[in-house]
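Residue-level structure breakdown
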Amino acid sequence: MSSSTKPYLLRALYEWCVDNDQTPHIVAWVNEQTRVPMQYVRDNEIVLNIGPSASHNLIIDNEWVSFSARFGGVSHEVWIPIGHVISLFARESGEGMGFEVEALETEENHTPEPPHPADAQNAGEKADARAEQAGKKSDGDKPKKGLKLVK
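Because the structure is a prediction, the values reported are computed rather than measured. (Residues numbered from 1 in each chain as written. Predicted model: local features only at pLDDT ≥ 70, side-chain atom pairs only at ≥ 80, totals over all residues. Heavy atoms only, no water.)

Looking now at the environment of S93. With respect to the element layout, S93 can be found in the loop between β6 (85-90) and β7 (96-99). A relative accessible area of 18% places S93 in the buried class. In terms of polar contacts, S93 uses its side chain to reach the side chain of Q22, at 2.9 Å. (Helix = DSSP H or I, 4+ residues; strand = E, 2+ residues; numbered from the N terminus. Buried < 20%, exposed > 50% of the residue type's maximum accessible area, 1.4 Å probe, protein only. Polar contact = N/O pair within 3.5 Å; in protein donor to acceptor, adjacent residues only side chain to side chain.)

Structure follows, in structure tokens:
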């Protein structure tokens, strides 16, 4: 079975937003497997600015979107399973893409924990190495238009 195209599309949409001086935002479905500041969750969803000026150490790997950000002046580590990302869009134009929510695959029906910070650092180093090989260094409102549902 082939791997999901979703993380690849998320990375491409993020890069497109940044390259076009737009601010990438994600909408994520929130449950006990999602680590976000709960006071900003509405109807089990959260909208997050993942632009370079708002998020730090952003990693979009094949299983998790993770980064640190400040909410109300307090730093938080954010962990979102890739399957919980509902959309990624540009705040300025509303252009982006919508996705179906996918259950996080688990072994033996237990709730997985997000990777530990040391694992995240290793993942970040791997992402940096991939970006360097490619010749690059990686460092609100609901979407209004331009979204396409991808299965």
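Here the narrative resumes, following the displayed structure.
This part covers the environment of G96. Structurally, G96 is set in strand β7. For G96, a relative accessible area of 16% puts it in the buried group.

Attention shifts here to the packing of aromatic side chains. Inspection of every chain in the model, using the stated rule, returns two aromatic pairs. Measuring from ring centre to ring centre gives 5.4 Å for Y40 and F71, while their planes differ by 40°; the resulting arrangement is tilted. Of this pair, Y40 sits in the loop between β1 (24-29) and β2 (45-49) while F71 sits in strand β4 (residues 64-71), placing them 31 residues apart in sequence. Overall, the relative accessible area of 39% leaves Y40 in the partly exposed class. Judged by relative accessible area, F71 falls into the buried class, the value being 13%. Over the aromatic face of Y8 sits the side chain of R11, whose NZ or CZ is 4.7 Å from the ring centroid. (Phe/Tyr/Trp six-rings, centres within 6.5 Å; stacked < 30°, edge-to-face > 60°. Lys NZ or Arg CZ within 6 Å of the ring centre and 35° of its normal.)

This part is about the pairing of β1. Burial analysis of β1 places five of its six residues in the buried class, the great majority of the element. Pairing of β1 with β6 involves five bridges; the strand directions are antiparallel. Bridge pairing in β6 links I26 to L88. With five bridges connecting them, β1 and β2 associate as antiparallel partners. Directly across from A28, in β2, lies its bridge partner I46. (Pairing = 2+ DSSP bridges.)

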